[in-house]
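Here is what each chain is made of, one letter per residue.
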Amino acid sequence: MSHVEDAPIGYPEVSDDKGLKTGALGLVSSIVIGMASTAPAYSLAASLGFVVATVNGDSIVGVKAPAIMLLAFIPMFLIAIAYQQLNKAEPDCGTTFTWASRAFGPRAGWIGGWGIIAADVIVMANLAQIAGAYSFQLVGLDSLSESTFWSMVAGVVWIIIMTYICYRGIEVSARLQYALLGIEVIILVAFSVIALTKVYTGNATPDSLTPSLDWLWPSGLSLSALVTATLIAVFIYWGWDTAVSVNEETKDPDKTPGRAAIISTLLLLLTYAIVSVATVAFAGTSEEGLGLANPENSDDVFGALGPTVFGDSMMGRGMEILLILSVLSSAAASTQTTILPTARTTLAMGAYKALPATFAKIHPRYLTPSVATIWMGAVSILFYMGLTLVSENVLADSIAAVGLMIAFYYGLTGFAAVWFYRHDLTKSINNFFMKGLLPFLGGLMLLGAFVIASMQYADPEYGSTTLWGIGGVFILGIGALLLGVVFMVIWNVIAPPFFRGETLDKRHSGDLVLSGEPLESVVVGLPDSGLPDLVIAPDLSNLPEGTEALDLETGVSVDDTGELRALRDLPPKDPTDDPDKGPA
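Predicted, not measured: the structure shown is a model, and the values here were computed from it.

### Some points on the overall build of the protein
Thought 1: Scanning the protein from terminus to terminus reveals 19 helices and nine strands.
Thought 2: A burial count over the protein gives 56% of its 584 residues as buried.
Thought 3: Expressed as a percentage of contacts within the protein between residues at least 6 apart in sequence, the contacts between residues at least 24 apart total 76%.

### Overview of helix 7 (residues 148–168)
One turn of an α-helix holds 3.6 residues; hence residues three or four places apart share an orientation.
Thought 1: Over its 21 residues, helix 7 extends 30 Å from the first C-alpha to the last, a length consistent with the 30 Å expected when each residue adds 1.5 Å.
Thought 2: Here helix 7 has its buried residues at Ser-151, Met-152, Ala-154, Gly-155, Val-156, Trp-158, Ile-159, Met-162, Thr-163, Ile-165 and Cys-166.
Thought 3: Looking one or two residues past helix 7, Gly-169 carries a phi angle of roughly 145 degrees, positive in sign.

### Remarks on the packing of aromatic side chains
Thought 1: As enumerated under the stated definition, the model contains 21 aromatic pairs in all.
Thought 2: Look at Tyr-237 and Tyr-272: their rings are 5.1 Å apart centre to centre, the planes differ by 80 degrees, and that puts the pair in the edge-to-face class. In this pair, Tyr-237 sits in helix 9 (residues 223–237) while Tyr-272 sits in helix 11 (residues 256–283), placing the two residues 35 residues apart along the sequence. Tyr-272 carries the same exposure label as Tyr-237, and that label is buried.
Thought 3: A centroid spacing of 4.9 Å and a plane angle of 65 degrees characterise the contact between Tyr-409 and Tyr-410, whose relative ring orientation is edge-to-face. Across the pair, Tyr-410 and Tyr-409 agree in class, each one buried.
Thought 4: Here Arg-422 stacks its cationic end above the ring of Trp-419, 4.3 Å away from the centre of that ring.

### Observations concerning the pattern of salt bridges
Thought 1: Taken as a whole and judged by the stated rule, the model has five salt bridges.
Thought 2: One salt bridge in this structure joins Arg-102 and Glu-90, with 2.9 Å as the shortest N-O distance. With Arg-102 in helix 4 (residues 96–104) and Glu-90 in the loop between helix 3 (65–89) and helix 4, this pair connects stretches of sequence that are twelve residues apart.
Thought 3: The exposure class of Arg-102 is buried, given its relative accessible area of 1%.
Thought 4: Its salt-bridge partner being Glu-249, residue Arg-344 comes within 2.7 Å of it at the nearest N-O pair. Here Arg-344 is found in helix 14 (residues 314–351), whereas its partner Glu-249 is found in the loop between helix 10 (242–245) and helix 11, with 95 residues between them in sequence.

### Points about helix 5 (residues 106–138)
Thought 1: Between its first and last C-alpha, helix 5 extends 47 Å over 33 residues, near the 48 Å set by a 1.5 Å rise per residue.
Thought 2: A large share of helix 5 lies buried, amounting to 29 of its 33 residues.
Thought 3: Downstream of helix 5 by a residue or two, Gly-140 has a phi angle that is positive, lying close to 80 degrees.

### With respect to the side chain of Thr-54
Thought 1: Here Thr-54 shows up in the loop between helix 2 (40–53) and strand 2 (55–56).
Thought 2: Of note is the side chain of Thr-54, whose polar atom sits 2.8 Å from the backbone oxygen of Phe-50.
Thought 3: Side-chain polar atoms of Thr-54 contact the backbone oxygen of Val-51, separated by 3.3 Å.
Thought 4: Residues contacting Thr-54, with those up to four places away along its chain left out, are Ser-59, Ile-60, Val-61, Ala-225, Thr-228, Ala-229 and Ile-232.

### Side note on the packing of helix 3 against helix 11
Thought 1: Look at helix 3 against helix 11: their axes get within 9 Å of each other, and the N-to-C directions meet at 175 degrees. For the element pair helix 3 / helix 11, the angle class is roughly antiparallel.
Thought 2: Across the contact of helix 3 with helix 11, the residue classes tally to 18 nonpolar, five polar and one charged.

The rules behind the values
- Residues numbered from 1 in each chain as written.
- Predicted model: local features only at pLDDT ≥ 70, side-chain atom pairs only at ≥ 80, totals over all residues.
- Heavy atoms only, no water.
- Helix = DSSP H or I, 4+ residues; strand = E, 2+ residues; numbered from the N terminus.
- Buried < 20%, exposed > 50% of the residue type's maximum accessible area, 1.4 Å probe, protein only.
- Contact = heavy atoms within 4.5 Å.
- Expected span 1.5 Å × (residues − 1).
- Phe/Tyr/Trp six-rings, centres within 6.5 Å; stacked < 30°, edge-to-face > 60°.
- Lys NZ or Arg CZ within 6 Å of the ring centre and 35° of its normal.
- Salt bridge = Lys/Arg side-chain N within 4 Å of Asp/Glu carboxyl O.
- Polar contact = N/O pair within 3.5 Å; in protein donor to acceptor, adjacent residues only side chain to side chain.
- Axes fitted to C-alpha atoms, helices over the stretch in contact; angles between N-to-C directions.
- Parallel < 35°, antiparallel > 145°, perpendicular 65-115°, else oblique.
- Nonpolar A, V, L, I, M, F, W, Y, C, P; charged D, E, K, R; others polar.

Next comes the structure, spelled out in C-alpha cells:
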C-alpha cells in the first residue's frame, strides 16, 4: 500500500503536475490573492450606491444595504465550502471545469469552464476602464480621466502590464498583491473610522444617520429587491475562488487553497459590513447631495465622499489622494488576479484536450501558463476596445450581465460537490453537512438568483440597452453562455476525445482509479487496443498486472482487496460468499 506520486502515461487526470511551480504559495499568500481578486475598494466604490438605490416597492433598499452584504455572504460562504471539499478530492487548477466534468460529465464541465472564462474577460473591460481613469485622476489629469478614449488607452496599458506580471511568475504576482491589498485595507479602515467618528461627533453630512442593528436584518424588503440587490452584492464578493485556482502552485494543495477560500470570504464579510455601515451612516440614503442614492454618486461613492470625509486640510487632501490610490490599486490588483484563474482554467482545459493543446504550454523558466496568459490578455484587450468603441452603454450592461455567469458557475460547483460525494453523505454528520447540505443550499440559492435575475434582466426597461425588445443585460449574459455552447459543439466535432470521457472521465468520490508504474512498461496489446480501464472495479478484477488502484476517498494506492477493505474499515470478506454478487 503506497501513496501515489506518478501518473500512468496516457492518464493526465491522475497527475497533479501540469508543469506549474509547486509549493510557491502558502496560506497567507493564498488569502491575499483571494481577497485582492475581489477588489474590495473598487467593488464597494462601484456597487454600494447601486445596492442602496435598488428599488423596493415605493422606496429603495437604503439603510438595509449592510443587510444585503450579509445576505450575499451566505451563498458565497456555502460555495466556498463546496470548493474546499472538491479541492480536497482533486486539487486541480481547472476548478469548476474539472470538478463538474467529474460529477456530471464533460459537457457540463466544459460549459462551467466557459462560464469562468466569459465572466473574467467581460469584467476585465470594466477593471481596465477604472484603472485607466483613476491613473489620470491620481496625477490630476481630470480631463483625460473623463475621456473615454484616453481612459481606454490607459486601461489597455494596465492589462498589458498585469499580463506581463502574471507571465513572469506566481511569486512575483503574489508579492505585488501584498502591496496592493495592503494599500486598500489601510485606506478603507481609515475611511470607516473617520466617517463613523464624524457621525457620532455630529460633523458628518446633513443626511447622516446613526447606525442601528436593524440595518443588518433585511426586514421590509421585497423578493425582487432582495434578489436584485443581492446579485449586485454577489459581484462584490466574486473573486475569492482565485485562491483555489492556484492550488497546484500552493503548499499542501489539498488543504491550503480551501482554507484560504473560506478565510477570504470571512474577511471580506467583515470588511464589507464595516465599510458599508460607515458609508451609509455618513452619507445617508438621500437621492440628493452626497446621499448614496443620488445617481451622480452611485458609480463611485468614495470619489464623491472622499473630500467631505477627509476634509480640506493638508493631511485630508493627502488621504483623499490615497483613497484614489486605493481604488486604483484595487482595480489593478483585480486585473492581475482575474488573469490568474482564467489562464489556469484554460491551461487545464488544454491539458485535458477540452481546448487546443497549445493552451497547456508552460514557460520553461517562469513555470507559468504562458500561452493561456497571453491569450487572456489579448482577448481582454480586444473585447474592451470593441465594447468601448461600440457603446459605453453596452459596456455598462455587460458588467451587470457578469452576475448571471457568476451565479451559473458558482452554483454548478455547489451541485457538483453534492453529486461527486453522493455516496459519502450518510457516512457521518460532517459529510452530510459539509459535502451535501451546505453546498446544495449554496447552489440552490444561486440557481434561484440566476432564474429570477434572468427574468428581470429580460425586461427592456432594465439596463441601458435593448435589442429586439429584450433587455441588453439578459442578451449579453445568456448570450455569452449560449456562445459557449456553440464553441463547445464546434470543438466536439474537431476533437471529440474529451467529450467521450477519454481524457477526463466522469466519476464519484468512492471510485478506484488506475495508479502505479507507467503503462508502457506493464501493458502489452495491439496498437489500436487502447488503454486499460481507468476506473477500477471494486473487486480489482480489471486491475492490470503490476499496477495499483488509487482510492480517491483516502488518496492511498492498493493492489489487493484485503488492503482495500482494511483501508475503508470494512469487515473481512466471507470466503463462502459468491465473488460475483458484489464488490469486495
